[in-house]
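In case you want the letters, here they are:
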Number of protein chains: 2
Amino acid sequence: MSALLEQLIDALRVLPGVGQKSAQRMAYHVLERGREGGARLATALAEAVEKIGHCQRCRDFSETPVCPTCSSAARDAQTLCVVETPADRLAIEQATGYRGFYFLLQGRLSPLDGIGPHELGLDLLGTRLAEGEVRELIIATNPTVEGEATAHYLAQIARQHAVRPSRPAHGLPLGGELEYVDRGTLSHAFGSRSEVS
Amino acid sequence: MSALLEQLIDALRVLPGVGQKSAQRMAYHVLERGREGGARLATALAEAVEKIGHCQRCRDFSETPVCPTCSSAARDAQTLCVVETPADRLAIEQATGYRGFYFLLQGRLSPLDGIGPHELGLDLLGTRLAEGEVRELIIATNPTVEGEATAHYLAQIARQHAVRPSRPAHGLPLGGELEYVDRGTLSHAFGSRSEVS
Ligand SMILES: [Zn+2]
Ligand SMILES: [Zn+2]
């Protein structure tokens with residue numbers, strides 16, 4: 001096999017979920033039917049890897065020191081929403097009317113994987129809360145064991161800075177049928193029931 | 001979202017089987033945990049797209065006009081094995097003792113998709129057979145409807161040049177359990193049964 005082709009197949013495996021077989025299929029596909037797209041991808045990758053860093057305020061990916069969102073004067077500076085990933089941030093921004101600021105953990109507490117408060121930028125978050133502008137910290141970590149542990153830790157930090165911690169409600173998804181809802185959600189929703197007026 | 005990040009997510013979709021969601025996951029992964037690998041992939045892609053062409057003899061991917069296999073003096077010039085893809089070639093080379101030459105169609109006859117004899121390089125194959133060295137053309141297209149139609153067409157070309165066409169045997173896979181073999185294979189194997197001596 002061509003050495004350059006072997007090198008390409010090997011390099012493609014940096015992508016998540018791509019093993020030997022799919023790397024091979026991807027390489028053949030690009031060479032056979034997508035050379036132009038392949039060249040475009042090469043440029044986009046090189047540029048992204050070189051120029052995209054993290055926003056100094058929210059830790060989201062950004063090609064400028066402070067991202068456009070954090071630079072916006074139109075946002076409510078009293079609420080800060082903590083999420084795990086850029087995908088979570090995007091989902092909230094697109095689905096809700098939330099227009100405060102964000103803070104991205106880029107992960108969740110996972111001591112076994114060496115991910116502690118420092119890796120999640122919690123020192124930066126502390127500094128941010130110490131500025132005194134934020135009144136409410138919306139903790140939107142995922143409802144997983146590690147996400148919950150992270151949320152607990154974040155609530156403590158908030159209280160240390162006299163900031164009110166809050167969490168989005170958990171419960172039955174709207175329009176979902178009860179029998180298809182997972183047990184944990186159902187149990188939580190049942191336990192958190194409220195009186196119908 | 002960062003414009004460069006958006007550009008990267010968009011460019012990743014040139015890869016087969018990669019939609020918006022997985023392109024996003026790939027981009028985040030590279031930026032978060034694989035920048036070095038990402039830079040290596042960018043280089044490998046750019047080089048491959050620019051420098052890998054097709055071997056003039058066998059049509060396999062090659063960074064030289066004639067690939068190492070076709071340049072080899074140690075191979076048997078009397079047999080030529082036709083396969084659809086580089087992956088098929090690799091599988092045969094690794095699994096069998098075959099040490100003749102190869103010819104790659106890089107596809108199979110599919111008139112509806114505009115893939116005819118010319119797209120499969122069959123004029124080049126004709127020229128090759130006309131040289132007179134090849135005695136046997138092993139037709140190793142896939143046992144699909146289009147692969148069979150292609151095989152039929154290839155056998156005609158072989159006969160036109162007084163070359164003997166042959167096909168690898170089809171039948172039950174070794175070690176496979178009969179009840180799990182697909183119907184087509186089972187039916188073929190049954191119809192091609194031979195007397196036990
Ligand atoms: Zn920011
Ligand atoms: Zn060749």
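Residues numbered from 1 in each chain as written. Chains lettered and ligands numbered in written order. Predicted model: local features only at pLDDT ≥ 70, side-chain atom pairs only at ≥ 80, totals over all residues. Heavy atoms only, no water.

With an unreviewed UniProt entry as reference, chain A is termed Recombination protein RecR, source organism Luteimonas terrae. Taken from UniProt, the Sequence similarities (unreviewed entry) comment for chain A reads in full: "Belongs to the RecR family." Entered under Function (unreviewed entry) in the UniProt record, the comment concerning chain A runs "May play a role in DNA repair. It seems to be involved in an RecBC-independent recombinational process of DNA repair. It may act with RecF and RecO." (UniProt positions renumbered as here; feature names shortened; annotations may be inferred.)

Right, let's get into the relation of the copies chain B and chain A. You can overlay chain B on chain A at an RMSD of 0.1 Å; the transform is a turn of 179° with a shift of 0.0 Å along its axis. Within this description, the copies of the chain are treated as partners about a two-fold rotation axis. Using C-alpha coordinates, one finds that chain B approaches the rotation axis most closely at Ala42 of chain B, a distance of 2.1 Å. The share of interface residues of chain B whose copies in chain A are also at the interface is 100%, consistent with both copies meeting through the same surface. (Least-squares fit on C-alpha atoms with pLDDT ≥ 70 in both. Contact = heavy atoms within 4.5 Å.)

A few words now on the environment of Leu31 of chain B. Among the secondary structure elements, Leu31 of chain B is positioned in helix H2 (residues 20-33). Using a relative accessible area of 2% as the deciding quantity, one classes Leu31 of chain B as buried. Separated by 26 residues in sequence, Leu31 of chain B and Leu5 of chain B have C-alpha atoms that sit 9.3 Å apart. What Leu31 of chain B contacts, discounting residues up to four positions off in sequence, is Ala48, Val49, Ile52 and Phe61 of chain A together with Leu5 of chain B. (Helix = DSSP H or I, 4+ residues; strand = E, 2+ residues; numbered from the N terminus. Buried < 20%, exposed > 50% of the residue type's maximum accessible area, 1.4 Å probe, protein only.)

Moving on, we come to the nonpolar core. One finds Leu12, Leu15 and Leu41 of chain A together with Leu12, Leu15 and Leu41 of chain B to be the most contacted residues of the largest nonpolar core, which totals 46 residues. Contributions of two or more residues to this core are made by helix H1 (3-12), helix H2 (20-33) and helix H3 (35-51) of chain A together with helix H1 (3-12), H2 and helix H3 (35-51) of chain B. (Core = buried A, V, L, I, M, F, W, Y, C linked by side-chain atoms within 4.5 Å.)

Approximately 680 Å³ is the volume attributed to the largest pocket. As for the largest pocket, its lining consists of 26 residues, and the residues nearest its centre are Glu32 and Arg33 of chain A together with Thr85, Gln106 and Gly107 of chain B. Every element with two or more residues in the lining of the largest pocket is listed here: H2 of chain A together with helix H5 (86-95) of chain B. Considering only residue class, the lining of the largest pocket consists of 8 nonpolar, 7 polar and 11 charged. (1 Å grid on protein atoms, 1.4 Å probe; cavity = no way out; pocket = protein on both sides within 12 Å on 5 of 7 lines; lining within 4 Å. Points joined across faces, edges and corners; volume = space filled by probe spheres on them. Nonpolar A, V, L, I, M, F, W, Y, C, P; charged D, E, K, R; others polar.)

This part takes up the coordination of the zinc ion (ligand 1). Looking at the metal site, the zinc ion (ligand 1) is ligated by Cys55 of chain A (SG), Cys58 of chain A (SG), Cys67 of chain A (SG) and Cys70 of chain A (SG), spaced 2.3 Å from it. On the basis of relative accessible area, Cys58 of chain A is assigned to the buried category, the value being 2%. (Donors = N, O, S within 2.8 Å, 3.2 Å for Na, K, Ca; no water.)

So, about the interface of chain B and chain A. Each partner contributes to the interface: chain B provides 46 residues, whereas chain A provides 46 residues. Counting across the interface, chain B meets chain A through 0 salt bridges. For the side of chain B that touches chain A, the elements supplying multiple residues, two or more each, are H1, H2, H3, strand S1 (53-54), strand S2 (61-62) and H5 of chain B. Per-element accounting of the side of chain B that touches chain A gives the leading share, 14 residues, to H3 of chain B. A breakdown of the residues in the side of chain B that touches chain A according to their chemical character gives 28 nonpolar, 11 polar and 7 charged. (Salt bridge = Lys/Arg side-chain N within 4 Å of Asp/Glu carboxyl O.)

The next subject is the coordination of the zinc ion (ligand 2). Residue and element names in this part refer to chain B. Cys55 (SG), Cys58 (SG), Cys67 (SG) and Cys70 (SG) make up the full set of protein donors to the zinc ion (ligand 2), lying at 2.2 to 2.3 Å. Angles of 105 to 116° at the metal separate the 4 donor atoms of the zinc ion (ligand 2), which places the site in the tetrahedral class. Spacing between the donor residues of the zinc ion (ligand 2) along the chain follows C-x2-C-x8-C-x2-C. With respect to burial, Cys55 and Cys58 carry one shared label: buried. (Tetrahedral: all angles 85-135°; square planar, octahedral: opposite > 155°, others 65-115°.)

All names here are of chain B. Judged by pairing direction, the sheet is parallel, and its 4 strands sit side by side in the order S4-S3-S5-S6 without closing on themselves. Edge positions in the open sheet fall to strand S4 (100-104) and strand S6 (164-166), since each of these has one partner strand only. Adjacent strand axes in the sheet meet at a mean angle of 25° when their direction is disregarded. The pairing of strand S3 (residues 76-83) with S4 spans 5 bridges and is parallel. What sits directly across from Cys81, in S4, is Tyr102. In this fold helix H6 (residues 122-130) packs onto S3, S4 and strand S5 (136-139), with an angle of close to 155° to the strand it touches most, S4. (Pairing = 2+ DSSP bridges. Axes fitted to C-alpha atoms, helices over the stretch in contact; angles between N-to-C directions.)

Attention now goes to the sheet that holds strand S4 (residues 100-104) of chain A. All names here are of chain A. Taken in spatial order, the 4 strands make up an open sheet running S4-S3-S5-S6, and their pairing is parallel. The open sheet terminates on both sides in strands that have one partner only, identified here as S4 and strand S6 (164-166). In this sheet, adjacent strand axes meet at a mean angle of 25° when their direction is disregarded. Direction of pairing for strand S5 (residues 136-139) relative to S6: parallel, over a ladder of 3 bridges.

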